[in-house]
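In case you want the letters, here they are:
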Amino acid sequence: MAVIPPYLNKGDTIGIVCPAGFMPYEKAETCINVLQTWGYRVKVGKTLGNQHYYFSGTDKERLEDLQEMLDDDNIKAILFGRGGYGVGRIIDDINFKKFKKKPKWLIGYSDITVLHSHIYSRYKVASIHSPMAAAFNEGEYNNEYVQSLRKALKGVKAKYTCDIHQYNNRGTATGELVGGNLSLLANLVGTPSDINTKGKILFMEDIGEYIYNVDRMLYQLRRSGKFNSLAGLIIGGFTDMKDTTIPFGTDVYDAINNIVRDYNFPVCFNFPVSHSKENYALKVGVEYTLTVKNKKVTLQEL
Amino acid sequence: MLLHAQLLLYIFTVPKQLMNRKGFLRTFVSTSAALFLANKSWAFNNEETGFCPVPCYLKAGDTVGITCPAGNVDLLKIQSCIDALKRWGLNVKLGKTVGTQWQRFAGTDDERLSDFQEMLNDESIHAIIFGKGGYGSMRIIDKINWDSFRKKPKWLVGYSDLTIVHAHIHANMRIPTIHGHMSTGFSADPTDLSSVTLQQALFGEKIEYKISSFPTNRKGQASGILVGGNLSLLHAASGSKSDISTGGKILFIEDVSEYKYNIDRMMMSLKRSGKLENLKGLIVGGFTATKENFEEPFNVPVEEIILEKVKEYNYPVCFHFPAGHMKENRALKFGVAYDFQVGDTEVVLNEKLHISSLNDFRAIANN
């Protein structure tokens, strides 16, 4: 089992940092307020509201902001403002020395997949794959997904159920949960942040990709051995899919099913982990049991 | 005594002292014998001329096969290619996947695999020009049996999605392949450089390219074996059996219709997996039809995206090399050595130690 950072108590400080794309301050305001109503203090990093072209700052600015939060003993968790693209540009320059000694929860998804994969693979520290600051907006902080983050921070063990799907492969698997955004998982193959999936439960989601590219990325994962010795597979939301002029010929779940159906491990499709509202907090590095039955699918944190 | 011409393509790695000694030929032959035993894929085709580099260059009367391992290909769209090949004195054999369609592929995975396999195994086919790119080669590459190809290699011509074939062969067999226009890319114009250079490459003319240098280029000179292809496919090959090692080589990259942030992301992946560190040179072909997300533009030129990833290294870098998803897609032999020079006004890419005849070999051996 990975190292579990200490769960949060009332009065603890959560840092907010934007390590990738630009995010206007207003988009995180509700999140800051809600975190405070949850009983936490919030420290806002310099990269929230800052902009350098596409990014929330130069590589140096984003690196420094994140480094400061990682090294600050008073900050018990870092909730990332948003993803986009940019973590991959700074990850190799981050000094994890203090973080290794005093780990804290890193919270986010999408581009944050780079951090989840990196700290799990290299330092065996658990992290939370979940909604980020923008998910709190428009009253959505009350929905069960943002609330699942609230519970995760307190140390409540999660038990999630999801609707069955025709492509599910029945079975039970127990293993450490790893994964995140498919484009990033594929991008990290061969890099120091690459994950070893042996004996693990792998989850993935994506957004706005061409179906043929999802197919290609899954072949890439397959050909790099990611499905060998996997304990279980969770296919989350694949939203806003695009298609080429000559259509791929199947929808995205068909394409995914064609690649994974011949394996023995349990597979669950349509799990609520995605770029949409349906995005349950999942602890990367923590052991779960995935049970895929005819009428029910459960993911139980152990 | 077996001569391994293929070995000569790697001669530049032999220390200079060895090259200049009188005993070179003796050393070469004994080395080559040892290397032959070590790697049978450098086996040497003994055609009626008694000498043939690997793969054999084409001559009039040879047959070229066209097979489609990726996107579907309409027979009408390859007429210019067939005409050109016939003009070059070649026979053409069309695979079953020409004109076939399954979803957006030129047949099911099994159909495309079996068509490609048949052409690889068919000794009467001296070269294969792939139908078209798109997507699909990766779905079948692991099921291909390369035994026939290893024993009697033939030129394989393609680019884009077919990069996976170039990479796979280079990573596993070290047999040269040709990055060049495919069957749907031929124009009716016989003077178009994509066709002209492909013909030259196939028939054994030495590759010697000279193009204008751009201000963003990084000057320098180097020699090395050329590898690479489409950036998205090189990236997709990471961690697989098709993954190429780039150390000591000249890397060529190109791409089409990619978001700039994704070009940056793929280049970061290459960098982080060590692919940019020990290059001898970097040749950047077309990065055509790049896309921007209008709500959040990346706003950095492709040259800058790439240069930033290689700024701590010293090797020469050239941009806008005429190869890739563009009208002028000059043929490049991968897996062979080149001299690469980037100057103020000119970029030169010359095939090194080109061998197409026994005389070439003797000239090098006696030098």
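Shown above is the structure to which this text applies.
So, here's what we can say about the structure. Fair warning: this is a prediction, and the values are worked out from it, not measured in the lab.

Attention now moves to the overall build of chain A. Scanning chain A for helices and strands turns up 9 helices and 13 strands. For chain A, whose C-alpha radius of gyration is 18 Å, the value lies close to the compact-globule estimate of 19 Å for 302 residues. Dimensions along the principal axes, computed over C-alpha positions, put chain A at roughly 50 × 40 × 40 Å. Here chain A holds 302 residues, and 61% of them are scored as buried. Considering only residue pairs separated by 6 or more positions, chain A has 79% of its internal contacts joining residues 24 or more positions apart. Roughly 11,500 Å² of accessible area belongs to chain A as shown, and the carbon and sulfur atoms make up 44% of that amount. Charge separation in chain A, taken as the distance between the mean sites of 37 positive and 32 negative side-chain charges, equals 7 Å.

Let's shift gears to helix α4 (residues 79-87) of chain B. Residue and element names in this part refer to chain B. For α4, the complete set of buried residues consists of C81, I82, A84 and L85. Within α4, the buried residues cover an arc of 165° as seen down the axis, which keeps them to one side. Buried residues along α4 sit in contact with β1 (63-67), β2 (91-94) and β3 (127-130). Immediately beyond the C-terminal end of α4, within one or two residues, lies G89, with a positive phi of roughly 85°.

A surface patch of positive charge is lined by A:K97, A:K98, A:K100 and A:K101. Tracing the chain through its elements places A:K100 in helix α4 (residues 97-101).

Another point: the packing of helix α8 (residues 211-223) of chain A against helix α9 (residues 252-260) of chain A. Residue and element names in this part refer to chain A. Direction vectors running N to C along α8 and α9 enclose 20°, while the axes themselves pass 9 Å from each other. Looking at the two axes, α8 sits roughly parallel to α9. Both α8 and α9 take part in a crossing whose hand is right-handed. Taken together, the residues of α9 that come into contact with α8 (itself represented by I211, V214, D215, L218, Y219 and R222) are V252, A255, I256 and I259. The residue makeup of the contact of α8 with α9, split by class, is 8 nonpolar, no polar and 2 charged.

Let us look at unusual backbone geometry. In this structure, A:S110 is a non-glycine residue whose phi angle is positive, near 60°. Its place among the elements puts A:S110 in the loop between β4 (105-108) and α5 (113-123). Unusually for a residue other than glycine, B:H320 sits at a positive phi of about 60°. As for its position among the elements, B:H320 is in the loop between β10 (317-318) and β11 (332-334). With a relative accessible area of 38%, B:H320 lands in the partly exposed category.

Opposite charge on two side chains allows them to pair when their charged atoms are near. All names here are of chain B. By the definition in use, this model includes 30 salt bridges over all chains. Of the charged contacts, one joins R139 and D109 as a salt bridge, the two residues approaching to 3.0 Å between their closest N and O atoms. With R139 in helix α6 (residues 137-140) and D109 in helix α5 (residues 109-121), the pair connects residues that are 30 residues apart, well separated along the chain. An identical accessibility class is assigned to R139 and D109; each is buried. The partner of K352 in a salt bridge is D339, and the shortest N-O contact between them spans 3.1 Å.

Taken residue by residue, the interface counts 37 residues in chain A and 38 residues in chain B. Across the chain A to chain B interface the summed buried area is about 3,100 Å²; carbon plus sulfur atoms make up 49%. Counting the surface chain A buries against chain B, the share from its top three residues, A:Y85, A:R216 and A:R223, is 26%. Linking chain A to chain B there are 6 salt bridges. Taking the shortest distance from any N to any O, the salt bridge between A:R89 and B:D264 comes out at 2.8 Å.

Residues and elements named next belong to chain A. With 12 residues, helix α1 (residues 26-37) should cover 16 Å at 1.5 Å per step; its first-to-last C-alpha distance of 18 Å lies within 8% of that length. Those residues of α1 lying buried are A28, C31, I32, V34 and L35. Considering only its buried residues, α1 is in contact with β1 (13-17), β2 (41-44) and β3 (75-80). Once α1 finishes, G39 follows within two positions and takes phi at roughly 100°, a positive value.

The next subject is the side chain of B:D161. With respect to the element layout, B:D161 can be found in the loop between β4 (155-158) and α8 (163-172). Buried charge B:D161 goes without a salt bridge, the closest partner of opposite sign being A:R216 at 4.9 Å. Among the polar contacts listed, one links the side chain of B:D161 to the side chain of B:S137, at a separation of 2.7 Å. Each residue touching B:D161, except ones within four places of it in the same chain, is listed here: B:A70, B:G133, B:G134, B:Y135, B:G136, B:S137, B:M138 and B:L233.

All right, on to the sheet that holds strand β8 (residues 249-256) of chain B then. Residues and elements named next belong to chain B. With respect to topology, 7 strands assemble into an open sheet ordered β6-β13-β12-β7-β8-β9-β10, the strand pairing being mixed. One side of each edge strand has no neighbouring strand; the edge strands of this open sheet are β6 (208-212) and β10. As defined by bridge partners, β6 adjoins strand β13 (residues 346-351) across 5 bridges and the pair is classed as antiparallel. Looking at β13, one finds that K210 is bridged to V348.

This part takes up the packing of helix α11 (residues 260-272) of chain B against helix α12 (residues 302-309) of chain B. All names here are of chain B. Where α11 contacts α12, the axes come no closer than 10 Å and their chain directions differ by 15°. Classified by the angle between their axes, α11 and α12 sit roughly parallel to one another. By crossing handedness, the relation of α11 to α12 is classed as right-handed. Mapping the contact onto sequence places K260, I263, D264, M267, M268 and K271 in α11 and V302, I305, I306, E308 and K309 in α12. Split by residue class, the contact of α11 with α12 holds 6 nonpolar, no polar and 5 charged.

Conventions and cut-offs
Residues numbered from 1 in each chain as written. Chains lettered and ligands numbered in written order. Predicted model: local features only at pLDDT ≥ 70, side-chain atom pairs only at ≥ 80, totals over all residues. Heavy atoms only, no water. Helix = DSSP H or I, 4+ residues; strand = E, 2+ residues; numbered from the N terminus. Rg over C-alpha atoms; globule rule 2.2 N^0.38 Å. Buried < 20%, exposed > 50% of the residue type's maximum accessible area, 1.4 Å probe, protein only. Contact = heavy atoms within 4.5 Å. Areas by Shrake-Rupley, 256 points an atom, 1.4 Å probe, with all protein chains shown as cover. Lys, Arg positive; Asp, Glu negative; His and termini not counted. Charge placed at Lys NZ, Arg CZ, Asp CG, Glu CD. Arc of directions from axis to C-beta. Patch = residues over 30% accessible without salt bridge, like charges linked within 9 Å, V, L, I, M, F, W, Y side chains within 5 Å. Salt bridge = Lys/Arg side-chain N within 4 Å of Asp/Glu carboxyl O. Axes fitted to C-alpha atoms, helices over the stretch in contact; angles between N-to-C directions. Parallel < 35°, antiparallel > 145°, perpendicular 65-115°, else oblique. Left-handed = near helix turned anticlockwise from the far one by under 90°. Nonpolar A, V, L, I, M, F, W, Y, C, P; charged D, E, K, R; others polar. Buried area = accessible area lost by both parts, 1.4 Å probe. Expected span 1.5 Å × (residues − 1). Polar contact = N/O pair within 3.5 Å; in protein donor to acceptor, adjacent residues only side chain to side chain. Pairing = 2+ DSSP bridges.

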